[in-house]
Amino acid sequence: MSIDEDTFSPIERVILTHDGTVTRMLEALTGQPITVTILARYIRGDTLYRTVALESALDPDPLVWATSEVDLQSLDPQYEAILRDQDIGIGAMFWNEQFETFRELVDFDSITAQEQFPSFINANTSKLLKRTYTIYHEKNNIMDIVEYFPKDKFEKFIEE
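Not measured: the values here are computed from a predicted model.

### So, the overall build of the chain
Link 1 in the chain: When you go through the chain residue by residue, the secondary structure sums to 6 helices and 6 strands.
Link 2 in the chain: Its helices and strands taken in sequence order, the chain reads α-α-β-β-β-α-α-β-β-β-α-α from the N to the C terminus.
Link 3 in the chain: Against the 2.2 N^0.38 benchmark of 15 Å for 160 residues, the chain shows a C-alpha radius of gyration of 15 Å, consistent with a compact globule.
Link 4 in the chain: If you line up the chain on its principal axes, its C-alpha atoms span 45 × 35 × 30 Å.
Link 5 in the chain: Accessible area of the chain: about 8,900 Å², with a carbon and sulfur share of 43%.
Link 6 in the chain: Separation of charge centres in the chain, based on 14 positive and 29 negative side chains, amounts to 1 Å.

Rendered as structure tokens:
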């Protein structure tokens, strides 16, 4: 998937195409620990739904909001329990458990406040960067994730 260099800055291109752990990327960018706040979590049928905010202790506003849909039939019960019961990011769980995955970027874009942000996002920003990706384990789609990054939070990294 190519990304238009005229539309997105270098740091935005990194954010939108990064295929590793988002929490670790944010810690590298900010130089600060990142915490995961679970905004919503529930199971419907064989799917675990989570909505989270990734935050830095130095900033009261989240750096990222994310939603995930986890296929519980494709996930070992021990990992289901971690995601269901703990306040942990998905990437951190994979890292801690040495769980091998492949991430496929499905789509990325930017959306404006006029286009209506999702209801769980309480952001004082006019534009969000959005990316969608699928996580595979042993060639099985185990989860789909959508992440929203407030564009203005990352503009300061362009000058550094």
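### Re the packing of aromatic side chains
Link 1 in the chain: Counted according to the given criterion, the structure contains 3 aromatic pairs.
Link 2 in the chain: Summarising the aromatic geometry, the rings of Tyr42 and Tyr49 are spaced 5.1 Å apart at their centres and angled 20° between planes, so their arrangement reads as stacked.
Link 3 in the chain: For Tyr42, a relative accessible area of 39% translates into the label partly exposed.
Link 4 in the chain: Seen in terms of ring centroids, Phe102 and Tyr136 are 6.3 Å apart; in terms of plane orientation they differ by 35°. Their pairing is tilted. Separated by 34 residues along the polypeptide, Phe102 in strand S4 (residues 102-112) and Tyr136 in strand S5 (residues 127-137) bring together distant segments of the chain.

Cut-off values and rules
- Residues numbered from 1 in each chain as written.
- Predicted model: local features only at pLDDT ≥ 70, side-chain atom pairs only at ≥ 80, totals over all residues.
- Heavy atoms only, no water.
- Helix = DSSP H or I, 4+ residues; strand = E, 2+ residues; numbered from the N terminus.
- Rg over C-alpha atoms; globule rule 2.2 N^0.38 Å.
- Areas by Shrake-Rupley, 256 points an atom, 1.4 Å probe, with all protein chains shown as cover.
- Lys, Arg positive; Asp, Glu negative; His and termini not counted.
- Charge placed at Lys NZ, Arg CZ, Asp CG, Glu CD.
- Phe/Tyr/Trp six-rings, centres within 6.5 Å; stacked < 30°, edge-to-face > 60°.
- Buried < 20%, exposed > 50% of the residue type's maximum accessible area, 1.4 Å probe, protein only.

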